[in-house]
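Summary of structural features
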Amino acid sequence: MPPKRKTQSATKPATENHVDEVPAKKVKISHWSHRSKPGTVLTFGQGDVGQLGLGEDIMERKKPALPSIGDSKHMVDVVAGGMHTVTISEDGMVYTFGCNDEGALGRDTSEEGSEFTAGLVSLDAKIVQVSAGDSHTAALTEEGKVYAWGTFRDGNGPIGLTVEGLKKSPYLVPLEETVVQIASGNDHLCMLTSKGEIYTMGCGEQGQLGRIAECFSIRGGRKGVGILLEPSVVYCKRVRGKGKVLFDGIWCSNYCTFARVQGGGYYGWGLNNYHHLGLEDVKSWFTPQPILSFSDVQVESIAGGQHHTVLLDKEGHMHALGNTNYGRLGLGKECEESHSPALMSAVKLEKFVDIGCGASVTLACTDTGDVYACGMGSNLQLGNGDEDEDLYVPTKIASKQLEMRKAIKVDAGGQHTVLLAVEK
């Protein structure tokens, strides 16, 4: 007689729909804006509050110099805040240096002089992207969470990072959505989610949040500052057809926000008093507007300063619009203000791969690693060695530090410029 076959109840009690518990797998985000090529950080310009990272004895540099940052040859990104600098190491650690009066460094600088050299920000996650404004910094984790520290400001002074006030150490932004890209203006933060939606927080005086009516833009009016500082989604009406407008890229200038629509097209909102938003009517726009003037340029990237905007097209050419003062547009002394992008013809034979702007300066890296600069020269941000000379067309920076290095990223703050360069 054959042995009886064991049933499930012979080994353990039967459980209806029994499923073994499996730990949830952490998903790492990916986006075209993330950088992963390690290089060396270089700084120049004014550094009287430590934004150059060169120590207490060096207050300015006319040419690119090497700050000491951890393993300095393994940085994958660098951004310039108004008066501070933020960089990410290859292993996802964040280092900061510069002004920390309102917590923009995210670390303790009570030791005298510690803000003049790079220091590590304590974060319990790997960071893949950072952004910085005048007095705030934000960091995006590999799992799509955002930390921020410092404060936002408006025309009357600090308004806080949250309703409780400024944050001197990293604060987890209360947003349940997965974020894939972040960008900062002077005093606002934008976050693009994996669903293609944009969330904003910060100052809304010039319309840069894209979701606050003008009557509530000054500290939230009767609704209170919470409507500014609590991240909320930007609603965007489609020009033609139905359905929600979704985006795949965001950029911020000082007081503007730009967004690329999935499938093509651009929207913008914020300050436009010099046409630098790309719209003909010179007023602040508090809701997203389609930027039709960009339609003739195959825009790959956008950067902007206080009153100007620069576009990088797919062929590596630069186009500029907005205020013409000091040569920041790179179009020569006789150019006229316009809401339509104009080609920087003086450098049309170069192929640029990255662009960055300060308040009144424009900088760019070529595919061969050269750096070009134009605009106001009074803060030494142009790297041309002349303290007072403004440059009206993009001019190549001559530097010993760049002879054996290839610049791949550039950004500028209120008075300083930062580069990321790899060995040739």
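For every chain, the first residue of its written sequence is number 1, and the numbers climb from 1 along that sequence. The predicted origin of the model limits local features to residues at a pLDDT of at least 70 and limits the giving and counting of side-chain atom pairs to 80 or more, whereas totals for whole chains, interfaces and linings rest on all residues. To get the side-chain values, all heavy atoms of the structure are used, and hydrogens and water are removed first.

**As for the side chain of T43**
Helix and strand assignments follow DSSP, with helices taken as H or I runs no shorter than four residues and strands as E runs no shorter than two, numbered in order from the N terminus. Considering the arrangement of structural elements, one finds T43 in strand β1 (residues 40-46). Here L52 takes part through its backbone oxygen, which lies 2.9 Å from a polar atom of the side chain of T43. In what follows, residue pairs with any heavy atoms lying within 4.5 Å of each other are defined as contacts. Setting aside anything within four residues of it in sequence, one finds T43 in contact with L52, L54, R61, K63, P64, A65, P67, T417 and V418. Think of a polar contact as two N or O atoms within 3.5 Å of one another; within protein, one of them needs to be a possible hydrogen donor and the other a possible acceptor, and neighboring residues in sequence only count if both atoms come from side chains.

**Overview of unusual backbone geometry**
When glycine is set aside, most residues are seen to have a negative phi, and most peptide bonds are trans. Look at H275: it is not a glycine, yet its phi comes out positive at around 65 degrees. In the Ramachandran plot, Y326 falls in the positive-phi region, its phi being about 70 degrees despite a non-glycine side chain. Remark: exposure states derive from per-residue accessible area (1.4 Å probe, protein chains only) relative to the maximum for the residue type, with buried under 20%, exposed over 50%, and partly exposed in between. For Y326, a relative accessible area of 34% gives the class partly exposed.

**Thoughts on the side chain of Q181**
Assignment of secondary structure puts Q181 in strand β13 (residues 179-184). What makes Q181 buried here is its relative accessible area of 4%. A distance of 3.0 Å separates a polar atom in the side chain of Q181 from the backbone oxygen of I250. Here Q181 is in contact with H31, W32, S33, Q129, L140, C190, M191, L192, D248, G249 and I250, once residues within four sequence places are set aside.

**Quick look at the pattern of salt bridges**
For salt bridges, the criterion is a side-chain nitrogen of Lys or Arg within 4 Å of an Asp or Glu carboxyl oxygen. Inspection of the entire model under this criterion finds 10 salt bridges. Its salt-bridge partner being D354, residue R35 comes within 2.6 Å of it at the nearest N-O pair. Taken as a pair, R35 in the segment before β1 and D354 in strand β25 (residues 352-357) lie far apart in primary sequence, 319 residues in all.

None of this, on its own, says anything about what the molecule does.
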